[in-house]
Each structure stands twice: as structure tokens, then as C-alpha cells.
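# Structural overview for review
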Amino acid sequence: MAIDRITSLPEEWGITLEMMENPEPRVPFVEPDSIPEEIRDQLQPHYQCSLDKWGSVPRFLQMLGHSPVIVEAWMLLDANLRMTYLNTDPEFLKMQQLVIARTAILNHSINCTGHNVDLAHAVGVSWEQLDLLDGDGWRESDLFSEKEKAVIHWSDEVSHQGAYDNDAAFEELTRHFTTRQVVELTFLCCMWNLSGRLTEAFHLMVEPPDGRIGFGCSV
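I will try to describe carefully the structure that is included in this document. Quick caveat, the model's predicted, so the values are computed rather than measured.

## Focus: the pattern of salt bridges
On inspection of all chains with the given rule, the structure shows 11 salt bridges. A salt bridge links Arg-82 to Asp-78; the nearest nitrogen and oxygen atoms lie 2.8 Å apart. One end of the pair is Arg-82 and the other is Asp-78, both in helix α4 (residues 68–83) and 4 residues apart, which spans about a single turn. Taken individually, Arg-82 and Asp-78 each receive the classification buried, so the pair is uniform in this respect. The partner of Asp-136 in a salt bridge is Arg-102, with the nearest N and O atoms 3.4 Å apart. Taken together, the residues Asp-136 in the loop between α8 (127–133) and α9 (146–159) and Arg-102 in helix α6 (residues 90–106) connect sequence positions 34 residues apart. Each of Arg-102, Asp-136, Arg-139 and Asp-156 takes part in one network of salt bridges that share partners.

If you want it as C-alpha cells, here you go:
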């Protein structure tokens with residue numbers, strides 16, 4: 001298995017740049033320059049926050065824009081569960097991105113995978129490591145530390161509904177992380193299981209590489 005270095009998606013998914021440039025979502029986008037008047041006051045501040053944080057309003061938020069409360073909730077959670085660690089604990093942010101990228105790939109979420117493979121690479125996850133997340137090669141690879149393997153394993157168990165009975169996976173996770181970190185990593189896995197199912201249900205195509213979000217524009 002391999003991640004395409006141009007699209008940041010598994011090669012076997014067959015997603016092309018042309019497909020990214022010509023999305024066909026089931027739900028129309030609420031574009032920043034054409035917000036309906038009845039929701040403009042609710043939605044505009046969140047779009048501006050996205051511009052300040054990411055440098056753009058991604059298609060994901062434009063899809064959710066029909067319900068401003070969902071945009072508000074998503075951005076609040078993301079800001080306080082992920083973005084807060086950008087400057088305070090970049091190593092933990094890297095662990096978070098392993099969780100999110102692995103979860104996105106497991107869900108075959110084109111949108112979530114494209115964005116979060118890029119973000120994972122930006123915080124230090126190598127392309128060789130990302131290749132191994134598309135499959136089970138990570139298990140025996142010496143490219144991952146025991147701490148990283150514990151995070152990926154737990155993400156698999158949570159995503160596949162196997163966490164309830166897997167005490168060993170949980171105990172391994174707790175060897176490396178505080179209780180707060182365990183809760184946040186697990187919540188993020190669940191959060192991206194939600195977003196992966198949502199984006200696939202609505203046929204949400206990821207933006208071309210030059211139109212994606214990036215940590216460089218944040219806080």
C-alpha cells in the first residue's frame with residue numbers, strides 16, 4: 001500500500017486531481033460569498049474564524065454551513081482539542097494526527113484523508129509511516145515507536161467497535177498517556193469516525209492540494 005505524494009490519498013482509491021477540481025457533492029456548498037441572508041449573521045463569524053485559523057473555508061465547513069450550529073460546534077471542539085496543542089505540545093498533536101489520519105483511512109473518507117494526511121506530514125509523520133497506515137504494515141514496522149503503535153492500535157479498536165473487550169490495547173495506551181490525553185485521543189477518533197461517515201454519505205471530495213487547510217495559518 002502507498003500514499004500518493006501528490007494527492008495525499010491511497011493510490012488504490014484512484015482519486016485524480018480532475019476529480020478534486022470538479023466535485024459533485026450531494027449537498028450544495030454554502031460558499032463564503034453567497035451565504036443566505038437568513039443564516040448570514042450566525043454563519044459569517046465562523047467562516048471568518050476558519051479564514052483566520054486555516055487560511056480558507058474548507059468544503060467540509062461549506063457543506064455543514066446549512067446548519068450554523070454544527071459549524072460552531074465542530075470548530076469549537078477542533079480548536080480546543082487539537083489546535084490548542086500546536087504551540088504548547090506539538091508531540092501530542094502528532095499523536096492526534098496519527099489517530100485522525102488512521103481513522104480517516106479506515107473510513108475510506110476521501111476528504112478527511114486528504115486533509116489529515118497533509119496535516120500529519122506537516123507535524124512530523126513521514127511519508128513512509130503514512131504508507132504503512134494504509135494497511136497493517138505499521139504493526140511490525142520499526143518506523144513507529146511503541147507509543148505510536150499504541151495510538152494506532154487503539155484507533156483501530158475504537159473504529160471497529162472492538163475497544164470494549166480489548167483491555168490489553170487500553171492498558172497499553174494508558175502506559176504512554178495521561179487520563180486526559182486518553183480521553184481526548186479517544187474522542188478525536190470518534191469525532192473523525194463521525195466526519196468520515198458524514199463526508200462519504202454526502203460524496204464530499206477533498207480540495208486539490210493547493211486549496212487545503214494547513215497549520216501554518218492557525219492561531
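## Let's talk about the nonpolar core
Judged by nonpolar contacts, the single largest core of 34 residues is most densely connected at Leu-130, Leu-133, Val-151 and Phe-177. Elements that contribute at least two residues to this core include exactly α5 (85–88), α6, α7 (110–122), α8, α9, α10 (167–176) and α11 (179–201). Among the elements that take part in this core, α6 stands out by supplying 7 residues, more than any other. Ignoring any residue separated from it by four or fewer positions in sequence, one finds Phe-177 in contact with Phe-92, Met-95, Lys-147, Val-151, Val-182 and Leu-185.

What counts, and at which threshold
- Residues numbered from 1 in each chain as written.
- Predicted model: local features only at pLDDT ≥ 70, side-chain atom pairs only at ≥ 80, totals over all residues.
- Heavy atoms only, no water.
- Salt bridge = Lys/Arg side-chain N within 4 Å of Asp/Glu carboxyl O.
- Helix = DSSP H or I, 4+ residues; strand = E, 2+ residues; numbered from the N terminus.
- Buried < 20%, exposed > 50% of the residue type's maximum accessible area, 1.4 Å probe, protein only.
- Core = buried A, V, L, I, M, F, W, Y, C linked by side-chain atoms within 4.5 Å.
- Contact = heavy atoms within 4.5 Å.

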